[in-house]
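Notes for the structure review
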Amino acid sequence: MIRALPAFVVIPLVSAFVLPVFGKKGKSAATLLANLATVALLVLAIASIGKSGVYEVGNWPIRVGIVLVLDGLSSLMLLVISVVSFAAMLFSARYMEQYTAKAKYLSLFMLMVGGMNGVVLSGDIFNLFVFLEIASIASYALVGFGCGNEELEASFKYMVLGSIASIFVLFGVALVYGNTGSLNMAYISKAIQGSGLNAGLGFALALFIVGFGLKAALVPFHAWLPDAHPSAPAPISAMLSGVVIKTLGVYALSRVVFNVFGISIPTGWLLIVLGLLSMVAGAFLAIGQWDLKRLMAYSSISQMGYVVLGIGLGGLIIAGGGNLAWASLAILGGLFHLVNHAVYKSLLFLTSGSVEMSTGTREMRQMGGLAEKMPVTRATCIIASASIAGIPPFSGFWSKLILVVAAIQAHFYWVAAIIVFVSLCTLIMYLKVQRYVFLGELPENLQQTKENKNSMLVAMIFLACLCVLMGLLVLVPSLKQSILDPAVQVLMDGVKYSATVMKM
Amino acid sequence: MPYALCFLLFMIGLYCAVVKKNMVKIVIGIMVMEYAVNLFLIMLGYRTGGTAPIVDKTYLESGTGQIAASFINTSVDPLPQALVLTAIVISLGSLALMISICTRTYGKYGTFDITEIRRLKG
């Protein structure tokens, strides 16, 4: 398996450069090829579960060469990326027929997937930056893919803030290299344990938190997300909200904070505060929206707050010397919520794309009564809404329950109260979606609306089934032990990461 | 001192990117930041009076074939140069994309002023 690690980066990159060769005539061949590539990645990701190891690129030893590291957290993220990109690619097969230059779209899509897989696997911090930039640049272009007024404006805004974030990360990388003399994350971590944090490294940590925070759209840095995510084509919105902000933001942040620098009480508190701010502000801003996709984008900010809160709470308990069982429970809640959110938020964006394609509008006040016209979209949308609002037995309920239990056990009663309160706000905003989009009276001009066909439906039903079944990930012990527990263990181990990697 | 100037350049770029209203000036600000970081990386590997980091026969110790200590003590660090090359290529890519988005936006709105390009709100 370890020998196959480069395939996670090579398959998407090669297909990204082959796809534009198919011009207008080979559109269906290009679509087929891109779908095959995502299926291959999905198979590889499933095969990588439970494995761990280091791949040394070009046989250079780990200290000086480029390494790809597969551990529990990486394989969890690979699985999430592959599942969402598989569904989004299936959905694009039909949805993107309304745009010109489909082959270029597919190429950018694969480039983004390749960049994200690289971020997740990279074992050295400069390559993490390189892959981060590959994924980001592809996503800037995809946000502006429609080339309309709003798309271009959103793309520019995203690009400016995204570039500033990348430069912060590069500055952080330079400072870390200057202070520790290494770029490999395991060796950096070892050097930091030896010398402790000096001013330069502290500044680098701050730069990383701001840079990755901007990529993750945590609340003080969230300005670009509500413009960028709705402006992209629906499958790309699903990818952006579903996996891009998680991989480039939360994964990279937790890897650097937990495994490289080591969690401390101030950073733990910082993550908790960022998480709570995102949860509350995102939820309040979302309720007032009338643009369907914009509402979902704000709710992404709110849901990412849960993930960061869970991880931060776990980190704070570890750093404060509290009960490790509750720390691992909090991290488990955060990571499980990350997985859940990837699935149901991408499903929500796909349903919004289906609605937009059939009705030609995203304005909720101009819709209504679509329940009869689009039964499958409606059913999948209800499942996703119930899941995000935390109604049992759907997946979102379990992750929120774990977070609440962890917060109460660690005596953070007010945090538990806020989690439940934001969950109620989420319920309200998705009831609003159901009420204005699918119930009520059908407007005159939408009488001819038809349900979408084929691949779009398959993609939505696939994700809806996952939404229903995902609760099993924590309820069935063998699934939990093979998928979620190794990922939690990576964050729990913290700076022991360096010793683990050097032994592999 | 050179590090402080480099940081000053970084802050000038950040100021330009955050405060300016003209899209092209924002792009220039971002690029100034990028170059400040590149300069910083290059300075990390710099050594006054250092030699090029290329090992030739004169630097190999006769007999053992080991690299001589004199080489390690005088050569500059080559790694930051490789990093800077990569970073420059990446920033070239994002610069090209940014400028093309700017020109397309100018075609749509007829202005570079971001205070007038405000369709998206809320």
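Note that this is a predicted model, so its numbers are computed, not measured.

**Considerations on the overall build of chain A**
When helices and strands are counted, chain A shows 21 helices and 2 strands. Considering only C-alpha atoms, chain A reaches an extent of 70 × 55 × 45 Å along its principal axes. In chain A, which comprises 504 residues, the share counted as buried stands at 61%. Long-range pairs, those at least 24 residues apart, make up 79% of the contacts in chain A between residues at least 6 apart in sequence.

**So, the overall build of chain B**
Assigned secondary structure in chain B consists of 4 helices and 0 strands. Each helix and strand of chain B, placed in order from N terminus to C terminus, yields the pattern α-α-α-α. A principal-axis box enclosing the C-alpha atoms of chain B has dimensions of 75 × 30 × 25 Å. In chain B, which comprises 122 residues, the share counted as buried stands at 23%.

**Let's talk about unusual backbone geometry**
Residue and element names in this part refer to chain A. In this model, P392 is joined to P393 through a cis peptide bond whose omega is 5 degrees. Looking at where P393 falls in the secondary structure, it is placed in the loop between α15 (375-389) and α16 (395-409). At C147, a position not held by glycine, the phi torsion is positive, near 60 degrees. Mapped onto the secondary structure, C147 falls in the loop between α5 (125-143) and α6 (149-180). Judged by C-beta crowding, with 16 C-beta atoms within 10 Å, C147 ranks as partly exposed. Even without being glycine, A217 reaches a positive phi, approximately 60 degrees. When you line up the elements, A217 lands in the loop between α8 (199-216) and α9 (225-231). By C-beta crowding, A217 is classed as buried, having 26 other C-beta atoms within 10 Å.

**Some words on the nonpolar core**
A:L313 and A:C467 are the most contacted members of the largest nonpolar core, which has 222 residues in total. If you tally residues by element for this core, the top one is α6(A), at 19 residues.

**Some thoughts on the packing of helix α4 (residues 102-121) of chain A against helix α10 (residues 234-261) of chain A**
Residue and element names in this part refer to chain A. It is at 10 Å that the axes of α4 and α10 come closest, and there the two elements cross at 30 degrees. With respect to α10, the axis of α4 lies roughly parallel. Here the hand of the crossing between α4 and α10 comes out left-handed. Here M112, M116, V119 and V120 of α4 lie close against α10, whose contacting residues are M239, V243, V244, T247, L248, Y251 and A252. Residue classes in the contact of α4 with α10 are distributed as 10 nonpolar, 1 polar and no charged.

**Points about the interface of chain A and chain B**
At the junction of the two partners, chain A supplies 28 residues and chain B supplies 27 residues. Of all the elements in the fold, those that place two or more residues in the side of chain A that touches chain B are α5 and α6 of chain A. Among the residues making up the side of chain A that touches chain B, the classes are represented as 17 nonpolar, 6 polar and 5 charged.

**Things to note about the environment of A:M77**
Residue and element names in this part refer to chain A. Inspection of the secondary structure puts M77 in helix α3 (residues 72-95). For M77, a count of 27 C-beta atoms within 10 Å corresponds to the buried category. Note: C-alpha distance between M77 and L335 (258 residues apart in sequence) is 9.6 Å. Beyond its immediate chain neighbours, meaning those up to four positions away, M77 contacts V120, T247 and Y251.

**Some details on the packing of α5(A) against α10(A)**
Residue and element names in this part refer to chain A. The contact between α5 and α10 brings their axes to 12 Å, and the two run at 155 degrees. If you check the angle between α5 and α10, you find them roughly antiparallel. Helix-helix and strand crossings are classified by hand; for α5 and α10 the assignment is left-handed. Of the residues in α10, those touching α5 at L128, L132, A135, S136, S139 and L142 are I236, L240, V244, L248 and A252. Grouping the constituent residues of the contact of α5 with α10 by class yields 9 nonpolar, 2 polar and no charged.

**A few points about helix α4 (residues 79-109) of chain B**
Note that an α-helix has 3.6 residues per turn; residues three or four places apart therefore point the same way. Counted at 1.5 Å a residue, the expected span for α4(B) with its 31 residues is 45 Å, and the 45 Å between its end C-alpha atoms agrees. Among the residues of α4(B), B:P80, B:L83, B:V84, B:A87, B:I90, B:S91, B:S94, B:M98, B:I101 and B:T105 are the ones counted as buried. Of the surrounding secondary structure, the elements contacted by the buried residues of α4(B) are α5 and α6 of chain A together with α2 (23-45) of chain B. Positive phi shows up at B:G110, right after α4(B), with a value of about 75 degrees.

**Some points on the pairing of strand β2 (residues 67-70) of chain A**
Residue and element names in this part refer to chain A. Burial along β2 is two-sided: the face carrying V67 and V69 and the face carrying L68 and L70 are both buried. Bridge count between strand β1 (residues 53-56) and β2: 4 bridges; the pairing is antiparallel. Within the sheet, the bridge partner assigned to E56 lies in β2 and is V67.

**Topic: α4(A)**
Counted at 1.5 Å a residue, the expected span for α4(A) with its 20 residues is 28 Å, and the 29 Å between its end C-alpha atoms agrees. Among the 20 residues in α4(A), 19 count as buried, and that is most of the element.

**Here we look at the environment of A:S478**
Residue and element names in this part refer to chain A. With respect to the helices and strands, the residue S478 is situated in helix α20 (residues 477-493). On the neighbour-count criterion, S478 (7 C-beta atoms within 10 Å) is exposed. The spatial distance from the C-alpha of S478 to the C-alpha of S241 is 29 Å, given a sequence separation of 237 residues.

What counts and how
- Residues numbered from 1 in each chain as written.
- Chains lettered and ligands numbered in written order.
- Predicted model: local features only at pLDDT ≥ 70, side-chain atom pairs only at ≥ 80, totals over all residues.
- Helix = DSSP H or I, 4+ residues; strand = E, 2+ residues; numbered from the N terminus.
- Buried ≥ 20, exposed ≤ 12 C-beta atoms within 10 Å, placed from the backbone.
- Contact = placed C-beta atoms within 7 Å.
- Core = buried A, V, L, I, M, F, W, Y, C linked by C-beta atoms within 7 Å.
- Axes fitted to C-alpha atoms, helices over the stretch in contact; angles between N-to-C directions.
- Parallel < 35°, antiparallel > 145°, perpendicular 65-115°, else oblique.
- Left-handed = near helix turned anticlockwise from the far one by under 90°.
- Nonpolar A, V, L, I, M, F, W, Y, C, P; charged D, E, K, R; others polar.
- Expected span 1.5 Å × (residues − 1).
- Pairing = 2+ DSSP bridges.

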